[in-house]
Amino acid sequence: MRPRPPVKGRGIFSGTGLIIAALAATAAALLYPLWSYSGRQSPAAGATVLSTQTVTTPYGPLSAQDRDFITKVRLAGLWELPAGEMAERKGTTGAVRTAGQHLVDGHASLDAHVRTVATQLGVPLPNEPNRQQQQWLDTLKTAQGQDFDRQFAGIVRLAHGRVFALVAAVRAGTQNSLVRDLADDANATVLDHIKVLEATGYVDFAALAKELASSPTPVPTPPAVEPSAAVPVTPSPAESYSLPPATTSPPATNGS
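Keep in mind that this is a model prediction, so the values were computed, not measured.

Trainee: Lay out the overall build of the protein with the relevant residues and their values.
Mentor: A count of helices and strands for the protein gives 8 helices and 2 strands. Ordered by position from N to C terminus, the α and β elements of the protein give α-α-α-α-β-α-α-α-α-β. Relative to its 256 residues, the protein shows a buried fraction of 36%. A separation of at least 24 residues holds for 82% of the contacts in the protein among residues at least 6 apart in sequence.

Trainee: Before we move on, can you summarise the environment of glutamine 120 with the specific residues and values?
Mentor: You can see glutamine 120 is positioned in helix H4 (residues 94-121). Taking the relative accessible area as the measure of exposure, glutamine 120 reaches 39% and is therefore partly exposed. In this structure, the C-alpha to C-alpha distance between glutamine 120 and threonine 57, residues 63 residues apart in sequence, is 9.2 Å. In contact with glutamine 120, not counting residues within four places along its chain, are Tyr59 and Leu178.

Trainee: Summarise the environment of aspartate 138; cite the residues concerned and give the values.
Mentor: Looking at the element boundaries, aspartate 138 is found in helix H5 (residues 131-142). Considering only alpha carbons, one finds aspartate 138 and alanine 83, 55 residues apart in sequence, at a separation of 9.8 Å.

Trainee: Explain the pattern of salt bridges to me, using residue names and the numbers behind them.
Mentor: Enumeration over the complete set of coordinates arrives at 5 salt bridges. Here aspartate 184 ties to arginine 171 by a salt bridge, and the two come within 2.6 Å at their closest N and O atoms. With aspartate 184 in helix H7 (residues 177-198) and arginine 171 in helix H6 (residues 145-173), this residue pair connects regions lying 13 residues apart in the sequence. Taking the relative accessible area as the measure of exposure, arginine 171 reaches 34% and is therefore partly exposed. Each of Arg74, Asp111 and Arg115 takes part in salt bridges that share partners, so that together they form one network.

Trainee: Describe the side chain of aspartate 111, listing the residues and the values that go with them.
Mentor: Mapped onto the secondary structure, aspartate 111 falls in helix H4. Exposure remark for aspartate 111: the relative accessible area of 2% places this residue in the buried category. Side chain to side chain, aspartate 111 and arginine 115 meet in a polar contact 2.9 Å long. Look past the residues within four positions of aspartate 111 in its chain and what remains in contact with it is Arg74, Val231, Pro232 and Val233.

Trainee: Quick one: what's the story with the side chain of lysine 90, residue by residue and with numbers?
Mentor: On the secondary structure map, lysine 90 appears in helix H3 (residues 64-90). No salt bridge is formed by the buried lysine 90, whose closest oppositely charged neighbour, aspartate 147, lies at an N-O distance of 8.4 Å. Here the side chain of lysine 90 touches lysine 141 through a polar contact of 3.1 Å, landing on its backbone oxygen. Of the polar contacts made by the side chain of lysine 90, one reaches the backbone oxygen of alanine 143; its length is 2.8 Å. Sequence-distant contacts of lysine 90, that is, excluding residues within four places in its chain, are made with Leu140, Lys141, Thr142, Ala143, Gln144, Phe148 and Asp149.

Trainee: Quick rundown of the environment of valine 190? Include the residues and the values.
Mentor: With respect to the helices, strands and loops of the structure, valine 190 is situated in helix H7. Valine 190 sits 27 residues away from valine 163 along the chain, and the two C-alpha atoms are 8.1 Å apart.

Trainee: Which residues make up the packing of H6 against H7, and what are the values?
Mentor: Closest axis-to-axis distance for the H6/H7 pair is 9 Å, and the angle between their directions is 150°. Here H7 runs roughly antiparallel to H6, going by the angle between their axes. The chirality of how H6 crosses H7 is left-handed. Residues Phe152, Ala153, Val156, Arg157, His160, Val163, Phe164, Val167, Val170 and Arg171 of H6 lie in contact with H7, whose contacting residues are Val179, Arg180, Ala183, Asp184, Ala186, Asn187, Val190, Leu191, His193, Ile194, Leu197 and Glu198.

Trainee: Outline H3, supporting the account with residue identities and numerical values.
Mentor: Under the 1.5 Å per step criterion, the end-to-end length of H3 is 39 Å for 27 residues, consistent within 8% with the ideal 39 Å. In terms of burial, H3 is a largely internal element, 19 of the 27 residues being buried.

Trainee: Account for the confidence of the model for the protein, naming residues and giving values.
Mentor: When pLDDT is averaged along the protein, the result is 80, and 71% of the positions lie at 70 or above. Below pLDDT 50 for its whole length, residues 239-256 participates in 25 contacts with residues either more than four positions away or in separate chains.

So, how was this worked out
- Residues numbered from 1 in each chain as written.
- Predicted model: local features only at pLDDT ≥ 70, side-chain atom pairs only at ≥ 80, totals over all residues.
- Heavy atoms only, no water.
- Helix = DSSP H or I, 4+ residues; strand = E, 2+ residues; numbered from the N terminus.
- Buried < 20%, exposed > 50% of the residue type's maximum accessible area, 1.4 Å probe, protein only.
- Contact = heavy atoms within 4.5 Å.
- Salt bridge = Lys/Arg side-chain N within 4 Å of Asp/Glu carboxyl O.
- Polar contact = N/O pair within 3.5 Å; in protein donor to acceptor, adjacent residues only side chain to side chain.
- Lys, Arg positive; Asp, Glu negative; His and termini not counted.
- Axes fitted to C-alpha atoms, helices over the stretch in contact; angles between N-to-C directions.
- Parallel < 35°, antiparallel > 145°, perpendicular 65-115°, else oblique.
- Left-handed = near helix turned anticlockwise from the far one by under 90°.
- Expected span 1.5 Å × (residues − 1).
- pLDDT = per-residue confidence, 0-100.

In structure tokens, the structure reads:
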């Protein structure tokens, strides 16, 4: 029996084979972009990561910025209240001593508010100033006379200028009602302190603008504790003072 000759058109180059090859090529073309971007993060993935930094609370969403703000309000009281007490004792002018009084009273009240908010939202708080703030306190401890007045007004006004922008950003964008209330309180307190510090006459606005324009070196936040373990920031037992409103007049030069 003679062998049957091959049928024309069969094999890998037959019509069926060409169709399969075309489908395989199309699939490869579709899958290649997915493979080539598998190691990259898409905008949608970035949005998912950001959303995981926000948690739901009974008072509205609590963002990472909100939590950072709560921590910074607490940190401010931990060093600015002691700085205010030093100004009450060491200030050589009535304006400097008045600024110190405002810092003490303002941060004692604001600290009570921030500890309440932290407890309600479950945000841990530091119990000691950060490294930069401790350096500022050490500088004020060693300064005397008018040098203290200048250092106090310059350092504390710089710190308030930096936090003022943060308060505004948080108040404008937060979705949490407790954080909004805290930002309102912080805004009023910071603005009051800015005014009384400027009223001392020792703020160098040119140097201040240069410092605020520079990018501060990030300073780690001290270890945090549960809100219930946060030690209240309270003034040392001392004579009570009435707090006159801030003025814009320069300080007297006779030490009054």
